[in-house]
Amino acid sequence: MTDHATPAIRVRDVVKRFGGTVALDHLSFDAWPGSLLSLLGPSGCGKTTALRVVAGFETPDSGLVEIEGIPMFADGGSVPPEKRRVGMVFQDYALFPHMDVAGNVGYGVHRRPDAARRVAEVVELVGLRGYEHRFPHELSGGQQQRVALARALAPDPRVILLDEPFSNLDAALRDRVRRDLKEILLHAGTTAVFVTHDQEEALAMSDIVAVMQHGRVVQAASPDVLYQSPATPWVAGFLGDADFLDGIAADGLATTPLGRFATDLDGPVRVMIRPESVRLTPDPHETAVVTDREYFGHDQIVTVRISDGTSIRARLGPRPVIDPGASVAVRVTEAICYPALS
Amino acid sequence: MAVAPAGGRLAPPSGRMAVGHRKTPRSLAFLGLLAIVPSVVPIALLVVVGVESGATTAGIPIRRLLELAISTGALTLATTIAATAIGTTTAWLTTRTALPARKMWATLSTIPLVIPSYVGALTLLGASGNGGALSRITDAIGLGTLPSFRGFWAAWAALTLWNYPFVHLLVAPVLRRSAVVLEEAARGLGASRGRMFATIVLPQLRPALSAAALLIALYTLSDFGAVSLLGYETFTKAIYAQFRGRIDVSPALFLSAVLVVLALVIIVAERRIRGRAILHSRHTGEPTRPIPLSRRAKVLALGFLTLVTLAALGLPASVLGYWVWRGASQGIPIAGVGAETVRAGLAGFLAAGATIAAALPLAFITIRHRSRWSGWLENIAWSTYSLPHLAVGLAFLVVAIRFVPVTYQTLVILVAAYVAMFLPQGLGAAQTALRHVQPALEEASRGLGVSPIATFRKITFPLMSPGLAAGAAIVFLSVMKELPATLLLRPTGFETLAVRIWSAASESLYARASAAALVLLAVSSVPLYVLVTREPQ
């Protein structure tokens, strides 16, 4: 059993260059046993490289990679991928096209005496009983993904890595597969790390989200903490809708055109406001004017130009319906201040 | 004009009638049948001979047949193994590893293709023995004269060194777009390098490897130039010896029939080995970082490639150069092969034109008017593809002597044989070219009131012409290098470059042979270079 003080994966100060470009720039993160960690970032931030470094398909230039406390990469020595006991689910699944489901799932356990039983077990776990002798091209996208997952789970890996697991599924299928996958992983009790560029996916799936930018983790936290207290304006903007106001902070308060907000900063600040923290009330005497409205049914996004010319957005319920051109009173319930230069 | 379609068959409603299932016009069908005539000759004749001779062996002792089968089989097996090993290694090194100057080595691994095996044989002969280019060097450093390179090992070396690029060309693209992610998946599941190779890489490579081995085996089986020059007895050499200076050609024909059967056996065996190709793999073309090589591996790899390149390119270049230089100093100028060059060019030109002309109606029938009988036409056109050229030449010779004596020893019968041998290449090119012309373009032209023939002239042909030109160039090159059929069928005195190289080399006139060989290589590599570097379609 794993000691709970030891992370299932520990990555420290990993640097990886490809030619002149730095893919990983002192990357560090931990994945705790039994948890689901996602590496979230825009394309080119190095998240897939990070996954491949953990799996052993890329050798870092420097740094440390440990799995269950055992060094996988340290001081230039590297454990080859086949010896790491890491299960990988590839972006396009990489199912062996010339082997059936049982052949694919059994590939990593062929030497075990109970191979057949183990294959049956994981095939059952992913809900594909009866499909053992189908070939990959005879399966739907969602089924292929389950085979890839079953294949990765079969050898009892120490951790499971998933590279953009949902990117090949159409939107209709994605929600269901996402829920199923989470349940299967929970059931298997395996630590899992997955890579995604989809914020909603990361927030909905993970225990911890590590946001990556330029080859390093800028913030790692639980989804709610991350959304409510983003470490930088960039993280705030990447994780959801965010508008920014300029302000001046002094004596614990930041002054902006929309009022004062508590802060422990001093001097020029940028104040981040999420649309759902903005309330609007129609008021012909106010200077803020509605410039645009996007009505989605369950909610609506109303854009308002305030006195200093900045636009901010408000997420309102289905009512009230305020038409563009109307004057409104703007109230902000929550905001976060960042130093103006960050 | 009849309203109901001929034959009483009901035409499908015109709206549902698919392009490609239109009824073939009579004139086109006639042209197609005419075009296929040369291709029917060799097979038909060999079948007739088989039936005529019944169970007899045309006076050839069984013991002799066995000897030939063993000597031919041994050479074929040894060459196939060696060429496949070398070609696969060069393909792997130049596509998958971090080898310095990969691109250059990849190019160098395909260039030996331009050297026909009989020129390779000439190189081996001109390098060794008394007065050989290499012998001069070994003599100078006190090792004495090299023995003349002849027999099994010489034939094996010639056929391996100058055919392995076919393997490289077939295997390299598969390796280049093979799914690296599958290899990673296997290793991530704990597979060792060995198991990964056996279970993932090899199954992907198998169709290409098997096709490459088939090609090498067929080339070796049907090679005449190299084995005859290097004095190694195989079926082809025996057929030529049987035929020469005799009036009764039936023993030679019988041996040819046996050779054709052997070729068919190899083809059938390959079909079974190849098995089901990996279909439905979506994993194609993700670019991959090459496998890093250790210092030791790098030295070994570079050493191997250098050795192969020196043997397959350096040796012919220097040996031929040496003999041409020696010949020039003895008053045998390289310009002395001008007439041979013109004749080879003429033969190539006529054959390329005739082959494309034959391929055009067949392409239209097989693509625009597909039916069961168009499938048969296509099969017949391809049937000569794997026949040894010596057997084809012999069949045409017999046909000329027995049925159309007027054509005996004329360019007509020679060009007909070329068409039979190289129609598959011309047809392939014409079909590809036609597939790139949308039927809608032709229909638009017809709809504007232009007749079918004028439509072909104004629309289809101009659009096809780049593809047809490429096909013609390939046929031209093949004809320039063709030896055995040319040797049998040429008009008296019609010495082409290939014939000159072979006859001069047989008489140990290496200076003359080398001059012709250098000209042949120069003339044939220019169009080849254009073809290879052309943008792929």
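Keep in mind that what you see is a predicted model, and the values were worked out from it rather than measured.

A. Spatial organisation of the overall build of chain A. On a plain count of helices and strands, chain A comes out with eight helices and 21 strands. Considering only C-alpha atoms, chain A reaches an extent of 80 × 45 × 40 Å along its principal axes. With 342 residues in all, chain A has 41% of them scored as buried.

B. Here's a closer look at the overall build of chain B. The helix and strand tally for chain B stands at 22 helices and zero strands. Expressed as a percentage of its 537 residues, the buried residues of chain B come to 45%. Sequence separation of 24 or more characterises 81% of the internal contacts of chain B that already satisfy a separation of 6 or more.

C. Focus on the sheet that holds strand 17 (residues 288-295) of chain A. Residue and element names in this part refer to chain A. Taken in spatial order, the five strands make up an open sheet running 16-20-17-18-19, and their pairing is antiparallel. Two strands in the sheet have a free side with no partner beyond their single neighbour: strand 16 (278-282) and strand 19 (311-316). Each neighbouring strand pair of the sheet contributes to a mean axis angle of 40°, computed without reference to strand direction. Pairing of strand 18 (residues 300-305) with strand 19 involves six bridges; the strand directions are antiparallel. Each bridged residue has a counterpart across the sheet, and for Q300 the counterpart in strand 19 is L316.

D. Spatial organisation of the packing of helix 9 (residues 193-222) of chain B against helix 12 (residues 250-274) of chain B. All names here are of chain B. Two elements in contact, helix 9 and helix 12, have axes whose closest approach is 10 Å; the angle formed by their N-to-C orientations is 170°. Between helix 9 and helix 12, the crossing angle belongs to the class labelled roughly antiparallel. Contacts between helix 9 and helix 12 involve R206, P207, S210, A211, L214, A217, L218, L221 and S222 from the first element and L259, L262, A263, I266, I267, E270, I273 and R274 from the second. Residue composition of the contact of helix 9 with helix 12, by class: 12 nonpolar, two polar and three charged.

E. Molecular detail of the interface of chain B and chain A. Across the contact, 18 residues belong to chain B and 17 residues belong to chain A. For the side of chain B that touches chain A, the secondary-structure elements that each account for two or more residues are helix 8 (180-188) and helix 9 of chain B. For the side of chain B that touches chain A, the leading source of residues is helix 8 of chain B, giving seven residues.

F. Spotlight on the sheet that holds strand 11 (residues 216-221) of chain A. All names here are of chain A. Overall, mixed pairing links the six strands, which are arranged 7-8-9-3-10-11 in an open sheet. On the outer flanks of this sheet lie strand 7 (86-89) and strand 11, each paired with one strand and no other. On average, each strand axis in the sheet is inclined to that of its neighbour by 20°, with strand direction left out of account. Both strand 8 (residues 159-163) and strand 9 (residues 191-196) contribute to a ladder of five bridges, which runs parallel. Residue pairing in the sheet places I160 in a bridge with A192 of strand 9.

G. Seen up close, helix 4 (residues 117-127) of chain B. Residue and element names in this part refer to chain B. With 11 of its 11 residues buried, helix 4 lies for the most part within the structure. Those residues of helix 4 that sit buried are S117, Y118, V119, G120, A121, L122, T123, L124, L125, G126 and A127. Just past helix 4, the residue G129 takes up positive phi, approximately 70°.

H. Just the pairing of strand 2 (residues 21-31) of chain A, in detail. All names here are of chain A. Across seven bridges, strand 1 (residues 9-18) lies against strand 2 in antiparallel orientation. Opposite V14, over in strand 2, you have L27 as the bridge partner. Taking the residues that link successive antiparallel strands as the turn, the strand 1-strand 2 hairpin has two residues, and the phi of G19 there is positive, at about 60°.

I. Highlighting the packing of helix 14 (residues 338-368) of chain B against helix 15 (residues 372-383) of chain B. Residue and element names in this part refer to chain B. Close contact between helix 14 and helix 15 brings their axes to 9 Å; oriented N to C, the two are set at 135°. As the angle between them shows, helix 14 and helix 15 are arranged oblique. Considering how the two elements wind past one another, helix 14 and helix 15 form a crossing that is left-handed. Between helix 14 and helix 15, the contacting residues are L362, I365 and T366 on the first element and S374, L377, E378 and A381 on the second.

J. Representation of the environment of A:V332 in the model. Along the chain, A:V332 turns up in strand 20 (residues 327-332). Expressed as a C-alpha distance, the spacing of A:V332 and A:A288, which sit 44 residues apart in the sequence, is 13 Å.

K. Structural detail: helix 21 (residues 497-506) of chain B. Along helix 21 of chain B, seven of the 10 residues are buried, which leaves the element largely enclosed by surrounding structure. Inspection of helix 21 of chain B places B:L497, B:A498, B:R500, B:I501, B:W502, B:A504 and B:A505 among the buried residues, and these make up the whole buried set.

L. Summary view of the pairing of strand 14 (residues 259-262) of chain A. Residues and elements named next belong to chain A. Where strand 13 (residues 253-256) lies against strand 14, four bridges are found, and the strand directions are antiparallel. Looking across to strand 14, one finds that A254 is bridged to F261. Between strand 13 and the antiparallel strand that follows it, strand 14, lie two residues.

Conventions and cut-offs
- Residues numbered from 1 in each chain as written.
- Chains lettered and ligands numbered in written order.
- Predicted model: local features only at pLDDT ≥ 70, side-chain atom pairs only at ≥ 80, totals over all residues.
- Helix = DSSP H or I, 4+ residues; strand = E, 2+ residues; numbered from the N terminus.
- Buried ≥ 20, exposed ≤ 12 C-beta atoms within 10 Å, placed from the backbone.
- Contact = placed C-beta atoms within 7 Å.
- Pairing = 2+ DSSP bridges.
- Axes fitted to C-alpha atoms, helices over the stretch in contact; angles between N-to-C directions.
- Parallel < 35°, antiparallel > 145°, perpendicular 65-115°, else oblique.
- Nonpolar A, V, L, I, M, F, W, Y, C, P; charged D, E, K, R; others polar.
- Left-handed = near helix turned anticlockwise from the far one by under 90°.

Any link to function would need more than the numbers given here.
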